[in-house]
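Here are the chains, one letter per residue:
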Amino acid sequence: MTKFKFDIILYGGPGSGKGTQAGLLLKQLKAVTLNMGAELRKTAKMKTSIGREVAKYIDAGKIAPLKVSHKIVRNFFKKVPATQRIVFDGYPRTMAQVKLLDTLLKKHNREVLFIYLKLPMSVAKARLKKRAEIEGRHDDTDPAAIQNRIDVFNRQSKNIIRHYKNNQQLIVIDGVGSVAAVHKRIMRAIS
Ligand code: ADP
Ligand code: MG
């Protein structure tokens, strides 16, 4: 599988299992990951004006300013060798980000598959509740922040999914079931 030639975007609502599945794919494909949420949380911890600004967005469950996420993606691309596959986790989340990412992928001669982890929001919410207990992520414990993230997903997802469908890059995966079962579905779909 080291010759796997596609990058992968893991897409889905909050709690859909992107981070979990990204971890498994990294091992299988010897890929590197860009976890935009984690990068933004790092930025938010910086005691700078940008850090404080980003913290506000994260705590509210809102999309951070495009200039910030764009800088993170650009810097990430600079570090990744051409032969190294990338798994995008939590990026892109808006059509503006989709366009930026398309441009960067093209510039770097990379091809991407878009994996949509599809599952009922009720199942995802139950998982988020558990994750809040385990990881204590601030934005997982605030119901308003969770609802904002769900709203963002509901607002953006149709256009984003349609975009990748039109480009014949869309793979829909049933996200209900055990971690291993979902991983198996993904591997079967991309092999
Ligand atoms: P996302 O990155 O999409 O927000 P995560 O990968 O962090 O989602 O998963 C959210 C929570 O659900 C985590 O606590 C994780 O352990 C759990 N989880 C992920 N996939 C599954 C699954 N298939 N079945 C049950 N729980 C899962
Ligand atoms: Mg995540």
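None of these values were measured; they are calculated from a predicted model. (Residues numbered from 1 in each chain as written. Chains lettered and ligands numbered in written order. Predicted model: local features only at pLDDT ≥ 70, side-chain atom pairs only at ≥ 80, totals over all residues. Heavy atoms only, no water.)

Peer 1: What is the right way to look at the UniProt feature "binding site: AMP" (unreviewed entry) in the chain in this model?
Peer 2: Those residues carrying the UniProt feature "binding site: AMP" (unreviewed entry) are Arg41, Gly90, Tyr91, Pro92, Arg93, Gln97, Arg137 and Arg149 in this numbering. The greatest C-alpha distance among the annotated residues, which extend across 109 residues, is 24.3 Å, indicating that they are dispersed rather than converging on a single site. Examined against the element boundaries, Gly90 turns out to sit in the loop between strand E3 (86-89) and helix H5 (95-107). Here Pro92 is to be found in the loop between E3 and H5. Once residues lying within four places of it in the same chain are set aside, the contact partners of Pro92 are Ile9, Tyr11, Gln97, Val98, Leu101, Ile160 and Tyr164. (UniProt positions renumbered as here; feature names shortened; annotations may be inferred. Helix = DSSP H or I, 4+ residues; strand = E, 2+ residues; numbered from the N terminus. Contact = heavy atoms within 4.5 Å.)

Peer 1: Looking at this structure, I do not really get the site of ligand 1. What am I missing?
Peer 2: Contacts to ligand 1 come from 13 residues, most closely from Gly15, Lys18, Thr20, Arg131 and Gly177. In this structure, an oxygen atom belonging to ligand 1 sits 2.9 Å away from a main-chain N or O atom of Gly15. Protein contact buries 76% of the 560 Å² of open area that ligand 1 shows by itself. Elements represented by at least two residues in the shell around ligand 1 include exactly helix H1 (18-29) and helix H6 (121-135). Here the shell around ligand 1 is built from residues that sort into two nonpolar, eight polar and three charged. (Near = heavy atom within 4 Å. Polar contact = N/O pair within 3.5 Å; in protein donor to acceptor, adjacent residues only side chain to side chain. Areas by Shrake-Rupley, 256 points an atom, 1.4 Å probe, with all protein chains shown as cover. Nonpolar A, V, L, I, M, F, W, Y, C, P; charged D, E, K, R; others polar.)

Peer 1: Whenever I open this one, the packing of aromatic side chains confuses me. Can you help?
Peer 2: Two numbers describe a pair of aromatic rings. These are the distance of the centres and the angle of the planes. Under the definition given, this model contains six aromatic pairs. Relative to Tyr116, the ring of Tyr11 has its centre 6.1 Å away and its plane inclined at 55 degrees; by these criteria the two rings are tilted. Of this pair, Tyr11 sits in strand E1 (residues 6-11) while Tyr116 sits in strand E4 (residues 111-118), and the two are 105 residues apart along the sequence. Per residue, the accessibility class of Tyr11 equals that of Tyr116, and both read buried. Seen in terms of ring centroids, Tyr11 and Phe153 are 5.5 Å apart; in terms of plane orientation they differ by 35 degrees. Their pairing is tilted. (Phe/Tyr/Trp six-rings, centres within 6.5 Å; stacked < 30°, edge-to-face > 60°. Buried < 20%, exposed > 50% of the residue type's maximum accessible area, 1.4 Å probe, protein only.)

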